[in-house]
Amino acid sequence: MQFRRLCFLIMTFIVGFVAGMVPSAPAQAQNQICFNEVRYCIEGRFAEYWQQNGGLPVFGFPLTPVFEQTIEGVVRKVQIFERNRFELHPENSRPYDVLLGRLGDDLLQYYGRGGPNEPKAPVKQRSGCRYFAETDHLVCDAFLDYWQSHGLEFDGKRGVSYAESLALFGFPLTEAMMETNPAGDKVLTQWFERARFELHPKLGPNVVLLGLLGRERYVPPYEFDEWSMLSCPSDKQSPPPVSGSFWGFYDLCPEYGVEEFVRGAVYGFIPGETLTVALIDRDTGAVVDQFESSVQTGDEYYPGSYVFSYSITGLELGPYAMTFTGQQSGHTAILFFWIIEENDKRGRAGA
């Protein structure tokens, strides 16, 4: 039964991945917006806010379900998107009952930047620019055009007011300068309280894109590396992981009697929720071990991630799967590994 369930989860992942390669319009029903590309939907007030204030180009896809997070000492319902964090403030009247997280400021501080040591505007007036005295920075040319032409919808009137732009992006926190973004592109960049503007001239004249701040802040960089599979013998390959990764080459194929632990991380859960962790023998489908643990919530971890070190002492040779299921979210992550004989290097890189 466990083996069949594991196979079903793997096939569900593969089918979802292939379907996600084809762009599609979001499906909407009863104030709910869902997508083929991601597993999470947007519902209720967040769905309304997302749709009315820019949708996919401004906020991106949802990366998490709605969960509770302590913000400035108050527990709030929040949802993480690729480019921002929605916060529900029911004590405020509309449209201020949904506020955006200051992820630009958060990430600048996370990277050790911002604050009084950040270079300020060299002048207070320049053609094609607007000076913001609040932070002593200039916003110019394509970045100024983008800032002024986008904003939250407050008054139902045509056009975008200064207050609407400010509510969406916030004040500038840096001057525009060349930076290398996480995708490896060296582009003109300027940080704001709630956004990062990037100028991409290769895409066309004055094309401004918003950085994926929500993804950078809340989704850990645990990417499956196909080269890691070369650390395993050619006859002992495993499926790609689902929502997680092992740390190193030899966690994928630990040698019997040599490695004592496998180490890695999984993500996509609700911070603080309880996980059911199961170790499954892939040859027989038998559950070898099962226990509960909690998703980390501290600032040193990505919210919704679970970092682990699991002892493999006493396990027999063969293929295994580790499943991590959130008891509240229902989200499941799966990691695969083989325990191999010592010095079994057939098919390994450099062997």
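See the structure printed just above.
Residues numbered from 1 in each chain as written. Predicted model: local features only at pLDDT ≥ 70, side-chain atom pairs only at ≥ 80, totals over all residues. Heavy atoms only, no water.

K.L.:
Mind showing me how you'd approach the packing of helix 5 (residues 141-149) against helix 6 (residues 162-169) here?
P.N.:
Geometrically, a packed helix pair is captured by the angle between its two axes and the distance between the axes. Following both chains from N to C, one finds helix 5 and helix 6 inclined at 105 degrees, their axes separated by 8 Å at the closest point. One element, helix 5, and the other, helix 6, form an angle in the roughly perpendicular class. Contacts between helix 5 and helix 6 involve Y146, W147 and Q148 from the former and Y162, S165, L166 and F169 from the latter. (Axes fitted to C-alpha atoms, helices over the stretch in contact; angles between N-to-C directions. Helix = DSSP H or I, 4+ residues; strand = E, 2+ residues; numbered from the N terminus. Parallel < 35°, antiparallel > 145°, perpendicular 65-115°, else oblique. Contact = heavy atoms within 4.5 Å.)

K.L.:
Any chance you could explain the nonpolar core here in plain terms?
P.N.:
Buried together is how nonpolar side chains tend to be arranged in soluble globular proteins. I42, W50, F59, F86, F169 and F197 are the most contacted members of the largest nonpolar core, which totals 32 residues. Those elements that provide at least two residues to this core are helix 2 (44-52), helix 3 (55-59), strand 7 (98-100), helix 5, helix 6, strand 12 (196-199) and strand 13 (208-210). In terms of residue count, the dominant contributor to this core is helix 5 (5 residues). Beyond its immediate sequence surroundings of up to four residues, F59 is in contact with Y49, W50, N53, G54, F81, E82, R83, N84, F86, L100, L152 and L168. Formed by 25 residues, the second largest nonpolar core is a distinct cluster that contains F269, V277, Y310 and I312. (Core = buried A, V, L, I, M, F, W, Y, C linked by side-chain atoms within 4.5 Å. Buried < 20%, exposed > 50% of the residue type's maximum accessible area, 1.4 Å probe, protein only.)

K.L.:
Please explain helix 2 as it appears in this structure.
P.N.:
Note on helix geometry: an α-helix contains 3.6 residues per turn, so any two residues three or four positions apart are oriented the same way. Turning to helix 2, its buried residues number three or more, namely R45, F46, A47, Y49 and W50. Where helix 2 is buried, its residues touch strand 2 (32-34), strand 3 (42-43), helix 3, strand 5 (74-80), strand 6 (85-88) and strand 7. Of the residues trailing helix 2, G54 is marked for its positive phi of about 130 degrees.

K.L.:
For this particular structure, what's the right way to read the sheet that holds strand 14 (residues 244-246)?
P.N.:
Sheet strands associate in pairs through backbone hydrogen bonding, adopting either a parallel or an antiparallel arrangement. Pairing within the open sheet is antiparallel, and its 3 strands lie in the order 14-15-18. Edge positions in the sheet fall to strand 14 and strand 18 (306-311), since each has one partner strand and no second. The average undirected angle you get between the axes of adjacent strands in this sheet is 20 degrees. Direction of pairing for strand 14 relative to strand 15 (residues 261-266): antiparallel, over a ladder of 3 bridges. What sits directly across from S245, in strand 15, is A265. (Pairing = 2+ DSSP bridges.)

K.L.:
Honestly, the packing of aromatic side chains in this entry has me stumped. Any pointers?
P.N.:
Aromatic rings in a pair are described by how distant their centres are and how their planes are angled relative to each other. Across all of its chains, the model carries 23 aromatic pairs by this definition. Between Y49 and F59 the ring centres are 6.3 Å apart and the planes differ by 35 degrees, which places this aromatic pair in the tilted class. Placement of the pair is Y49 in helix 2 and F59 in helix 3, with a sequence separation of 10 residues. Here Y49 falls in the buried class, since its relative accessible area comes to 3%. Seen in terms of ring centroids, F308 and F324 are 5.2 Å apart; in terms of plane orientation they differ by 40 degrees. Their pairing is tilted. Taken together, the residues span a long stretch of sequence, with F308 in strand 18 and F324 in strand 19 (residues 318-326) at a distance of 16 residues. Pairwise contacts between aromatic rings join F246, Y306, F308, Y320, F324 and F337 into one cluster. If you follow R196 out to its NZ or CZ, it ends over the ring of W191, 4.9 Å from the centre. (Phe/Tyr/Trp six-rings, centres within 6.5 Å; stacked < 30°, edge-to-face > 60°. Lys NZ or Arg CZ within 6 Å of the ring centre and 35° of its normal.)

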